Amino acid sequence: MMSLPKVYHRFSLLSPKTLFFSSLPSPPLFCRHSRRFVSGKQFKAKNTMDISRFHHLVPVNAVTAEDGGNGTGSNGAAASVAYDDDNINVVRFYPWPFIKALPLPHVFASPVSAHALYIESASVTGYRLPPHEIRDIVDAPPLPALSFSPLRDKILFLKQRSLPPLSDLARPEEKLAGLRIDGKCNTRSRMSFYTGIAIHQLMEDGSLGPEKEIQDLPEGAKINFVTWSSNGQHLAFSVRLDEDDGSSSKRVWVANVDTGKARPLFESPDIYVNAVFDNFVWVNDSTLLVSTIPLSRGDPPRKPLVPSGPKIQSNEQKNVIQARTYQDLLKDEYDEDLFEYYATTQLVLASLDGEMKPFGPPAIYTSMDPSSDQTYIMITSTHRPFSFVVPCGRFPKKVEVWTANGKFVRELCDLPLAEDIPIAFNSVRKGMRSINWRADKPSTLYWVETQDGGDAKVEVSPRDIIYTQSAAPHENEQPKILHKLDLRYGGISWCDDTLALVYESWYKTRKVRTWVISPGSEDVNPLILFDRSSEDVYSDPGSPMSRRTLAGTYVIAKVKKEDDGNTYVLLNGSGATPEGNIPFLDLFDINTGSKERIWQSDKEKYFETVVALMSDQKEGDLSINKLKILTSKESKTENTQYYLLSWPEKKTCQITNFPHPYPQLKSLQKEMIRYQRKDGVQLTATLYLPPGYDPSRDGPLPCLVWSYPGEFKSKEAASQVRGSPNEFAGIGPTSPLLWLARGFAVLSGPTIPIIGEGDEEANDRYIEQLVASAEAAVEEVIRRGVADPNKIAVGGHSYGAFMTANLLAHAPHLFCCGIARSGAYNRTLTPFGFQNEERTLWEATNTYVEMSPFMSANKIKKPILLVHGEEDNNPGTLTMQSDRFFNALKGHGALCRLVILPYESHGYGARESIMHVLWETDRWLQKHCVYSSDVKADACKDNAEGTVDSQSKAVAAAGGVQELADLDDDKFHSIRSSLL
């Protein structure tokens, strides 16, 4: 039995028995509803692998808005059936195909001309479908993912499915140690997958050869973890098969790239992948190390019917242990046993010719990392004691070095349980961390150790020290200090013994530094290459481009110019400017600091980016005259395509020709706009308008504002422009841009900077700055004449939902309604920090309380729609947050609605869930934005021709809306004719 969304609905301001008519120049679409269902059908859901626009899946017992599966009623309007709280039958129409066929002045002419008929749709059981304008975009087949071979001569097209059915999310899962595990096939639950693999040869002229499908895969194969061997001759990937009896299996497969033939790696059908943590890795071109389920493993432990004792946690040692509100933690000894059962792995060394042997004893292995010369493998594992207050990433951690053929070499560290990492940003675990192999040197390790005990509040110099050592050091050989840092270590880009770049940063000041070091020369002093603020995007010099080595690692690419013999690196930058991002590629001389721009994106129409180097097949420095890079190119209306760009002529060859994912919105209008907050901060937003819309001709539109606040340390940084006006408008399954197809203006991502300069904490003035930013955005769209002041809605997800609730509480004059998805509304339930707030509730009590919209529930008078996944595992946004906020709103008579989505997490995945969220959102916007009470009053008052008034009189003559459903057919059609 498929679960249905829980809907809690309270109307305390508007009556559901209200009917509105438009003044269209052509006869309006009209329908009599005198029974429970109007053209509603029930369809059984299919467990199909590929759901495209042609497979409109609806679960059993769901009431749909489709007629005959085409999404329209008999008159072309998409109808949905509902019942109000008094069980009075009502029907709702979306005759958009009819509307959009009209001249634009009729489409946008009046507040009530977007639909021929609109009747309030109230509580109803079952999953619903949004209007087909939205549904068709969401159901469009997804484009494939791309993967280039190590030799850059072949491309994989990894085929993807559309939205999964809810039955995929409904599979049983174990919530253990911060993980969600699918016990049926011993992997992480809710994983996406590929449905097929196609290989294309990349020809010399940049064109693609014919498609070659990977063959012999079992029917219904769900493919994950696709990886190339270093020589590019083979692929390895996992294949999951779901059986009819509910069981699942996951095995490693390999494929010959030249022939396209695939087969299981293991001949034995009893060897399955354990993918709870790592899954498999190429040790060399013919051998893989695989995490498998131990053959000796029996059935999972059974939960005792009677517990052995109470659940006890103790802090009798008076340790200071502060943690964010992590979810899915271990709860008792049974959970510990269950976690150990599913996570325990037997490593197996397997060659392509069929040989296999165990590698080490069974343990909870979390990662496997071969050295660049394929001589050693670094193995990381975890073990007891486990914790009930932190996830598995903080469990004890053991790191060992083994030879590639399975012999133990040495233990690098065995770190204890880390429950006491301070919550201050930049705090870290004590002991060795970030242990890795050098990418440029064989069998050489490096790692970092903190000097402040891991506590960012401790002042010490140096704060971090980077060490290096060979994998198998000689007796008494001590680790070598590579570099010392006063900020927190942020990574290394390796090149060779003469060059490496070391990164450090500090969140509190937003400072970031890049050091130049010579790893092989102790007498060469490190130099600061870049010292800047991470918030200052205008000063970002770009990042060094990496090249792939023959060993499969990535190092900084060195480039030589034939005319001067100097060596350069390539800096790939986003190119942020006051006019938007203009990506670039610079030749940079690290010794002198000089640079030469060798490529830059078109800035008039297109947005182009550098994706990867394509001329790094051979070892050694790259010649500028033989440079070849992969670029992407897009525009406001043209979706992303990939190109090969070759020097010295800078010849461009288009590789892909993906179709437009939503041609119905191909001519949408997009503009990056700038405006100013009252305190002088410059703000930016992207304004989207429907295709063919002209504000001077069509007048203002209903507008949806969708945003997410961000914190800054300076007004100057907050005022900088981020993004490009020429980027393609990507529309995801729950994107606010979907409402362009419904005739809305959409203000996407208006910047909401919360600034705390100097020693000031940004959140101490959160409400003030939030409201000021929203006021500036609303004033701008009204000034431009694209938004009706009475029809501006606001929405957001997660921290954007938190923002939405606060705006309805503290700026009710700006918005007619709000949509808040997966938010947290009571900050006292996240007492040890949230988002970018690192102070505790007890350190900043007033801030926590004032920022919480829960505490201002009595001030929220505008309609608010709350949506939340029932299984939200994001720290801080427990489903309880929406439950309690809804009860607080209801307790004050607010007009509110709460939709809880079964099986969904922080983001929503299943088609049924997403479609229902879109239906709820569209219904909310139509009722409380397009047809809000203010709009209705204005429409009746301002309609110069009196059409609405005459229609209202005709309805009144019929005895009112509440009696329409009881009219006989003759009377019904008589009233219909009078309205026409």
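Scroll up to find the structure.
The structure displayed is predicted, hence computed values, not measured ones.

(A) Up close: the pairing of strand E11 (residues 194-201). Pairing of strand E7 (residues 154-160) with E11, which is carried by 7 bridges, proceeds in the antiparallel orientation. Among the inter-strand pairings, Phe157 is bridged to a residue of E11, identified as Ala198. Note: E11 against strand E12 (residues 212-213), 2 bridges, orientation antiparallel. Paired with Ala198 across the two strands is Glu213, which belongs to E12.

(B) Layout of helix H11 (residues 879-891). Taking 1.5 Å of rise per residue, 13 residues should cover 18 Å, and H11 covers 19 Å from first to last C-alpha, within 8% of that figure. Here H11 has its buried residues at Thr879, Gln881, Ser882, Phe885, Phe886, Ala888 and Leu889. Positioned one or two residues after H11, Gly893 has a phi angle of 75 degrees, which is positive.

(C) Region of the structure containing the nonpolar core. Counting residues in each nonpolar core, the largest one holds 63 residues, and the members touching the most others are Leu747, Tyr766, Phe815, Ile864, Leu866, Phe885 and Leu889. Sort the elements by how many residues they give to this core and helix H8 (residues 766-783) lands first, with 9 residues. If you look at the next biggest cluster of nonpolar residues, it comprises 40 residues, including Leu704, Ala729, Ala793 and Leu925.

(D) Highlighting the sheet that holds strand E20 (residues 356-370). Taken in spatial order, the 7 strands line up as E17-E18-E19-E20-E21-E22-E23 in an open sheet, and their pairing is antiparallel. Of all strands in the sheet, those bounded by a partner on one side alone are strand E17 (280-284) and strand E23 (408-415). Between one strand and the next, the sheet's axes are offset by a mean angle of 40 degrees, whatever the strand orientation.

(E) Structural view of unusual backbone geometry. The peptide bond linking Ser461 to Pro462 adopts the cis configuration, its omega dihedral lying at -5 degrees. Along the polypeptide, Pro462 turns up in the loop between strand E25 (444-450) and strand E26 (464-470). The residue after Trp647, namely Pro648, is reached through a cis peptide bond having omega 5 degrees. Positioned with a positive phi, Asn426 is a non-glycine residue whose angle comes to about 75 degrees. Relative to the elements of secondary structure, Asn426 occurs in the loop between E23 and strand E24 (432-437).

(F) Expanded view of the sheet that holds E26. If you walk across this open sheet you meet the 4 strands as E24-E25-E26-E27, and the pairing is antiparallel. Edge positions in the sheet fall to E24 and strand E27 (480-485), since each of these pairs with one other strand and no more. Across the sheet, the mean angle separating the axes of adjacent strands is 20 degrees when strand polarity is ignored. The pairing of E26 with E27 spans 5 bridges and is classified as antiparallel. Bridge pairing in E27 links Thr468 to Lys480.

(G) Region of interest: the packing of H8 against helix H9 (residues 799-810). Taken N-terminus to C-terminus, the directions of H8 and H9 make an angle of 85 degrees; their axes are 10 Å apart at the nearest point. Between H8 and H9, the angle falls in the class roughly perpendicular. Of the residues in H9, those in contact with Tyr766, Ile767, Leu770, Val771 and Ala774 of H8 are Tyr799, Phe802, Met803, Asn806, Leu807 and His810. Counted by class, the contact of H8 with H9 contains 9 nonpolar, 2 polar and no charged residues.

(H) Structural detail: the environment of Pro144. When you line up the elements, Pro144 lands in the loop between helix H3 (132-138) and strand E6 (145-148). For Pro144, a relative accessible area of 23% translates into the label partly exposed. On a C-alpha basis, the gap between Pro144 and Ala198 in space is 9.7 Å, while along the polypeptide they are 54 residues apart. Once residues within four sequence positions are removed from consideration, Pro144 is found in contact with Phe157, Leu158, Lys159, Gln160 and Phe658.

(I) Quick look at the pattern of salt bridges. Under the defined criterion, the tally for this structure stands at 51 salt bridges. The residue Asp242 makes a salt bridge to Arg171 at a minimum N-O spacing of 3.5 Å. Residue Asp242 is found in strand E14 (residues 234-242), and its partner Arg171 is found in the loop between helix H4 (166-169) and strand E8 (174-176); the two are separated by 71 residues along the sequence. Judged by relative accessible area, Asp242 falls into the partly exposed class, the value being 30%. By relative accessible area, Arg171 is classed as buried at 17%. Arg510 is the partner of Glu535 in a salt bridge, and the nearest nitrogen-oxygen pair spans 3.0 Å. Residue Glu535 is located in the loop between strand E31 (527-533) and strand E32 (543-544), and its partner Arg510 is located in the loop between strand E29 (499-506) and strand E30 (511-517); the two are separated by 25 residues in the primary sequence. Across the pair, exposure class does not vary: Glu535 and Arg510 are buried alike. Salt bridges here are not isolated pairs; linked through shared partners, they connect Arg433, Asp452, Glu459, Arg463, Asp464 and Arg488.

Cut-offs applied
- Residues numbered from 1 in each chain as written.
- Predicted model: local features only at pLDDT ≥ 70, side-chain atom pairs only at ≥ 80, totals over all residues.
- Heavy atoms only, no water.
- Pairing = 2+ DSSP bridges.
- Helix = DSSP H or I, 4+ residues; strand = E, 2+ residues; numbered from the N terminus.
- Expected span 1.5 Å × (residues − 1).
- Buried < 20%, exposed > 50% of the residue type's maximum accessible area, 1.4 Å probe, protein only.
- Core = buried A, V, L, I, M, F, W, Y, C linked by side-chain atoms within 4.5 Å.
- Axes fitted to C-alpha atoms, helices over the stretch in contact; angles between N-to-C directions.
- Parallel < 35°, antiparallel > 145°, perpendicular 65-115°, else oblique.
- Contact = heavy atoms within 4.5 Å.
- Nonpolar A, V, L, I, M, F, W, Y, C, P; charged D, E, K, R; others polar.
- Salt bridge = Lys/Arg side-chain N within 4 Å of Asp/Glu carboxyl O.

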